[in-house]
Amino acid sequence: MAYDFGANTLGIKNPFKFEGFVKLMGGVLICALAVVPLLGISEALKQDMVKAWVNAGLGLILLIWGLQQSGIGLFQMFKYFVGRSVPTSLAQNFNPSERENAQQEKAVTEYQAEELESMLMGRKNSTFKEPIGWTARLIHTLLPRLIFTPYPIRNFVQELGSLVVTSVMALVVFAVAYFVSVSGLVGDAGAMITPILSVMLLLYLIMAWRAMASSLVSVRNRQLHSKNAAGIAKLLVIAIVIPVALGYLYAQFSPTTREELALWFDNVLVFSAWGNLALLFVISLAVIAASAMMIRERFTLAQPKTEVAEFRENLQESVHPNEIFINIENIVLANRRYKEIPNRIYQGFEPVLQEQSQGKGNFRGQLLIETQPEVHEMEYSNVFKQFRMLSTLVGQALVVVAALLFYFMIGGAYEVYAFASERLTNLDRLADSQMMAVLAEFGPLASSLLVLFFSWQTVLAGGRILERGTHLFWSEMQFSSLLMWMKTEGTYTESKISTGMAIHDSTRSENVVVRSSITPWIITSRITTSTFATSGTRNLEMPRYVLSLSKNTDELDTIVKEIKGFLRGREAIASITNEKDLHNAETIFQVNQASRAPMLDTDKQQKLEEAGAFRRIEEDPSAADDSQDQQKS
């Protein structure tokens with residue numbers, strides 16, 4: 001939405017200054033690491049052109065990585081520009097003054113107007129949706145208060161819990177596959193199948209970590225994720241099928257080929273995945289422990305109230321129905337604007353008047369409106385704030401360590417290339433014993449490269465998960481606003497009131513009075529909503545979620561009092577308020593009084609007045625009722 005500047009700001013501060021500073025420092029360290037290979041280019045040119053190009057490419061990649069990280073950090077530290085139209089509306093805003101912003105935020109509104117009306121009417125909160133999938137239900141069963149948190153946090157906990165469940169099941173599946181391999185069900189191939197399975201287990205877990213890190217990107221985190229157990233079923237199938245398939249394939253080889261394969265596994269393929277699995281286990285514990293502390297604190301802030309204040313009554317007032325709607329929208333609700341910002345109209349009044357015969361009819365109108373949300377500070381404890389800062393530091397430290405591992409991995413890859421180009425080009429000319437010695441020397445180099453590769457992926461995935469997960473707890477903002485639904489129905493009739501009907505009156509006032517029977521139904525609630533801020537031009541344009549509805553009886557009583565005060569203060573008879581008109585009327589009265597013939601007999605004067613009244617009734621029969629009303633008064 002547009003940046004709508006106003007001198008009276010909303011008081012929203014930049015929540016990302018510390019996080020941005022930590023990212024900036026991480027980016028600076030990665031840039032400093034990039035200088036090392038770049039400075040070695042001139043020396044490498046004297047030795048090997050390939051090494052020089054490797055240093056140049058490595059330095060360029062690390063430099064881009066570091067600059068990107070530093071740029072994000074600086075961006076988060078810049079001034080936080082917040083206009084007067086943020087945050088996003090709950091539903092489409094039909095306020096005429098906000099058409100442009102309403103069109104831009106239409107794609108990210110979370111609710112429909114009918115859904116908000118249903119929430120107020122039914123005392124319910126449709127934000128708290130039922131979890132989808134077997135794994136999601138398991139996690140919500142273990143953490144019952146998780147359902148009362150916004151979708152991004154629910155997704156983060158679901159993804160983290162699903163990762164734990166998947167990892168445990170993967171270890172169970174690996175144990176099953178290991179039992180199948182060593183129990184003799186696959187023949188003599190068991191000793192070679194176990195290392196292959198350990199590598200597959202490591203690959204599977206790293207892919208699961210990378211998938212979780214990708215799912216926490218803000219664009220993919222707007223809707224509630226589903227978590228099923230289909231992957232676990234596939235793992236169980238793989239645990240049995242792969243060992244049997246590898247055993248069957250091994251049995252098809254000749255005895256000579258089997259001996260060569262056994263020799264290769266003993267002397268050449270010396271890579272072991274257990275070290276990387278241990279590293280993955282340690283980083284997993286660190287990420288889960290830091291996240292669990294922040295999640296537990298967020299659960300304590302969840303207050304899932306669904307309370308509203310309600311007013312229903314029948315009123316009999318002398319007022320036109322249109323004036324009821326005009327007063328409520330333009331005066332009563334306009335007085336509740338926050339910092340003079342227009343209210344958000346989700347259902348316009350648009351009153352419908354159905355006129356019937358003889359000045360009678362009925363009317364109805366409906367309104368759903370929200371006042372401008374004001375910032376509601378979240379009361380985090382000091383322990384939570386410390387863990388949030390610590391998690392931010394640890395996440396960036398893991399990213400920097402991942403860059404360092406990438407640096408060593410590329411160096412290891414060059415060593416493998418140099419060894420292969422020097423020692424493995426003439427293997428066909430060597431004897432079998434010499435060839436095996438060369439391959440045995442090549443094995444540890446290749447194994448070290450694989451260890452570095454898997455370590456790099458593990459540390460990077462752990463750093464991304466902790467970085468993006470902690471970012472959620474920096475970016476959450478809560479707002480408080482008044483949500484009001486009103487439906488007004490009734491009937492009306494028209495009648496005339498005339499004043500100044502005496503025979504000698506020189507001025508006369510005739511007024512058409514509308515008598516309305518009004519049945520208003522008003523439901524209000526003070527709602528607490530949550531959104532997740534970002535940095536940039538769309539900093540507060542994520543969906544906004546309703547977390548609680550609190551009863552606001554005093555606020556509703558004030559609204560009703562203002563409405564009744566307007567209805568009771570209406571004037572039904574038109575009078576003269578201008579001093580000149582009042583002076584002119586007095587002059588006419590004096591002229592009329594002076595021009596009358598002097599009456600000596602009071603009885604005779606009364607008879608003449610009655611005769612004049614009868615004559616007027618003959619001319620206008622409707623004047624009879626007015627004359628009777630005057631006599632009674």
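Computed from a prediction, not measured in an experiment: that's the story for all the values here.

Asks: Go over the overall build of the chain with me, naming the residues and quoting the values.
Replies: Across its full length, the chain holds 18 helices and 9 strands. Burial status across the chain gives 44% buried among its 633 residues. For the chain, the proportion of contacts with a sequence separation of at least 24, taken over those separated by at least 6, is 81%. Surface accessibility of the chain: about 33200 Å² in total, with carbon and sulfur atoms responsible for 59%.

Asks: Please provide a residue-by-residue account of the packing of aromatic side chains, values included.
Replies: Summed over all chains, the structure comprises 14 aromatic pairs. Relative to Trp-521, the ring of Trp-485 lies with its centre 5.7 Å away and its plane at 75°, an arrangement referred to as edge-to-face. With Trp-485 in strand E7 (residues 476–499) and Trp-521 in strand E8 (residues 509–532), the pair connects residues that are 36 residues apart, well separated along the chain. Lying over the aromatic face of Phe-81, Lys-79 brings its terminal NZ or CZ to 5.8 Å of the ring centre. Arg-388 extends its terminal NZ or CZ atom over the ring of Trp-474, reaching a point 4.0 Å from the ring centre.

Asks: Any chance you could break down the confidence of the model for the chain for me, citing the residues and the numbers?
Replies: Confidence in the prediction of the chain, expressed as mean pLDDT, is 80, and 76% of residues score 70 or more. Predicted confidence for residues 629–633 stays below pLDDT 50, and this span has 3 contacts to residues more than four positions away or in other chains.

Asks: Residue-level account of the packing of helix H6 (residues 134–142) against helix H7 (residues 151–182), with values.
Replies: For the pair H6 and H7, interaxial distance at closest approach is 9 Å and the crossing angle is 105°. The orientation of H6 relative to H7 falls into the category roughly perpendicular. Two secondary-structure elements touch here, H6 through Thr-135, Ala-136, Leu-138, Ile-139 and His-140 and H7 through Arg-154, Val-157, Gln-158, Gly-161, Ser-162 and Val-165. By residue class, the composition of the contact of H6 with H7 is 5 nonpolar, 5 polar and 1 charged.

Asks: Give a detailed account of the nonpolar core, specifying residues and quantitative values.
Replies: Judged by nonpolar contacts, the single largest core of 76 residues is most densely connected at Trp-65 and Phe-156. Beyond its immediate stretch of four places on either side in the chain, Phe-156 contacts Met-212, Leu-216, Ser-291, Ile-295, Ile-465, Gly-469, Leu-472 and Phe-473. Judged by nonpolar contacts, the second largest core, of 27 residues, contains Ile-324, Tyr-492, Ile-518 and Leu-556.

Asks: Kindly report on the UniProt feature "transmembrane region" (unreviewed entry) in the chain, identifying the contributing residues and their values.
Replies: Residues annotated by UniProt as "transmembrane region" (unreviewed entry) correspond here to residues 21–41, 53–75, 160–180, 192–211, 232–251, 271–295, 393–414 and 434–456. Structurally, residues 21–41 is divided into 95% helix and 0% strand, and its ends, taken at the C-alpha atoms, are 31 Å apart. For the annotated span residues 393–414, helix accounts for 100% and strand for 0% of the residues, and the straight-line distance between the end C-alpha atoms is 32 Å.

Asks: Tell me about unusual backbone geometry, residues and numbers included.
Replies: Of all residues except glycine, most have a negative phi; of all peptide bonds, most are trans. With an omega of -5°, the peptide bond between Val-86 and Pro-87 qualifies as cis. In this fold, Pro-87 is placed in the loop between helix H3 (49–77) and helix H4 (99–104). You will see that Lys-339, though not glycine, has its phi angle at about 55°, which is positive. By secondary structure assignment, the location of Lys-339 is in the loop between helix H12 (321–332) and strand E3 (344–347). On the basis of relative accessible area, Lys-339 is assigned to the partly exposed category, the value being 27%.

Asks: How would you sum up the pattern of salt bridges? Please name residues and give values.
Replies: One side chain can pair with another of opposite charge once the charged atoms of both are near each other. Per the counting criterion, the structure on display carries 12 salt bridges. Note that Glu-19 and Lys-23 form a salt bridge whose closest N and O atoms lie 4.0 Å from each other. Taken together, the positions of Glu-19 and Lys-23, both in helix H1 (residues 17–39) and 4 residues apart, correspond to about one turn of that helix. Assessed through its relative accessible area of 2%, Glu-19 is described here as buried. Across the pair Glu-310 and Arg-312 runs a salt bridge, and its minimum N-O distance is 3.1 Å. Glu-310 gets classed as partly exposed once you look at its relative accessible area, which sits at 31%. Judged by its relative accessible area of 58%, Arg-312 falls in the exposed class. When salt bridges that share partners are traced, they join Glu-19, Lys-23, Arg-464 and Glu-467 into one network.

Asks: Residue-level account of H3, with values.
Replies: For H3, which comprises 29 residues, the first-to-last C-alpha distance of 42 Å matches the rise-based estimate of 42 Å (1.5 Å per residue) to within 8%. Buried within H3 we find Ala-52, Asn-55, Leu-58, Gly-59, Leu-62, Trp-65, Gly-66, Gln-69, Ser-70, Gly-73 and Gln-76. Where H3 begins, the side chain of Asp-48 points an oxygen toward the backbone nitrogen of Val-50, at a separation of 3.1 Å.

Asks: Describe in detail the packing of H1 against H3, supporting the description with residues and values.
Replies: Put simply, H1 and H3 touch, their axes get as near as 7 Å, and they point 165° apart. Overall, the two elements H1 and H3 adopt an arrangement that is roughly antiparallel. The hand of the H1/H3 crossing is left-handed. Counted by class, the contact of H1 with H3 contains 19 nonpolar, 9 polar and 3 charged residues.

Asks: Tell me about the pairing of strand E5 (residues 360–370), residues and numbers included.
Replies: Two elements, E3 and E5, share 3 bridges in a ladder whose sense is antiparallel. Each residue of the ladder has a partner; that of Arg-344, found in E5, is Glu-370. With 4 bridges connecting them, strand E4 (residues 352–355) and E5 associate as antiparallel partners. From the neighbouring strand, Gln-354 faces E5, where its bridge partner is Asn-362.

Asks: Any chance you could break down the side chain of Thr-88 for me, citing the residues and the numbers?
Replies: Within the secondary structure, Thr-88 sits in the loop between H3 and H4. For Thr-88, a relative accessible area of 0% gives the class buried. A polar contact of 3.4 Å, which involves the side chain of Thr-88, links it to the backbone oxygen of Leu-540.

Asks: Quick rundown of a nonpolar patch on the surface? Include the residues and the values.
Replies: On the surface, Phe-21, Met-25, Val-28, Leu-74, Phe-75, Met-77 and Phe-78 cluster together into a nonpolar patch covering about 610 Å² of accessible area. For the nonpolar patch, the elements supplying multiple residues, two or more each, are H1 and H3. Within the secondary structure, Phe-21 sits in helix H1. Classification of Phe-21 as partly exposed rests on a relative accessible area of 40%.

Asks: Just give me the short version of H12, but keep the residues and values in it.
Replies: A rise of 1.5 Å per residue sets the reference length of H12, with its 12 residues, at 16 Å; its end C-alpha atoms lie 16 Å apart and thus fit the reference within 8%. Among the residues making up H12, those that are buried are Pro-321, Ile-324, Phe-325, Asn-327, Ile-328 and Val-332. One face of H12 carries all of its buried residues, which in axial projection span an arc of 160°.

What counts, and where the lines are drawn
- Residues numbered from 1 in each chain as written.
- Predicted model: local features only at pLDDT ≥ 70, side-chain atom pairs only at ≥ 80, totals over all residues.
- Heavy atoms only, no water.
- Helix = DSSP H or I, 4+ residues; strand = E, 2+ residues; numbered from the N terminus.
- Buried < 20%, exposed > 50% of the residue type's maximum accessible area, 1.4 Å probe, protein only.
- Contact = heavy atoms within 4.5 Å.
- Areas by Shrake-Rupley, 256 points an atom, 1.4 Å probe, with all protein chains shown as cover.
- Phe/Tyr/Trp six-rings, centres within 6.5 Å; stacked < 30°, edge-to-face > 60°.
- Lys NZ or Arg CZ within 6 Å of the ring centre and 35° of its normal.
- pLDDT = per-residue confidence, 0-100.
- Axes fitted to C-alpha atoms, helices over the stretch in contact; angles between N-to-C directions.
- Parallel < 35°, antiparallel > 145°, perpendicular 65-115°, else oblique.
- Nonpolar A, V, L, I, M, F, W, Y, C, P; charged D, E, K, R; others polar.
- Core = buried A, V, L, I, M, F, W, Y, C linked by side-chain atoms within 4.5 Å.
- UniProt positions renumbered as here; feature names shortened; annotations may be inferred.
- Salt bridge = Lys/Arg side-chain N within 4 Å of Asp/Glu carboxyl O.
- Expected span 1.5 Å × (residues − 1).
- Polar contact = N/O pair within 3.5 Å; in protein donor to acceptor, adjacent residues only side chain to side chain.
- Left-handed = near helix turned anticlockwise from the far one by under 90°.
- Pairing = 2+ DSSP bridges.
- Patch = residues over 30% accessible without salt bridge, like charges linked within 9 Å, V, L, I, M, F, W, Y side chains within 5 Å.
- Arc of directions from axis to C-beta.

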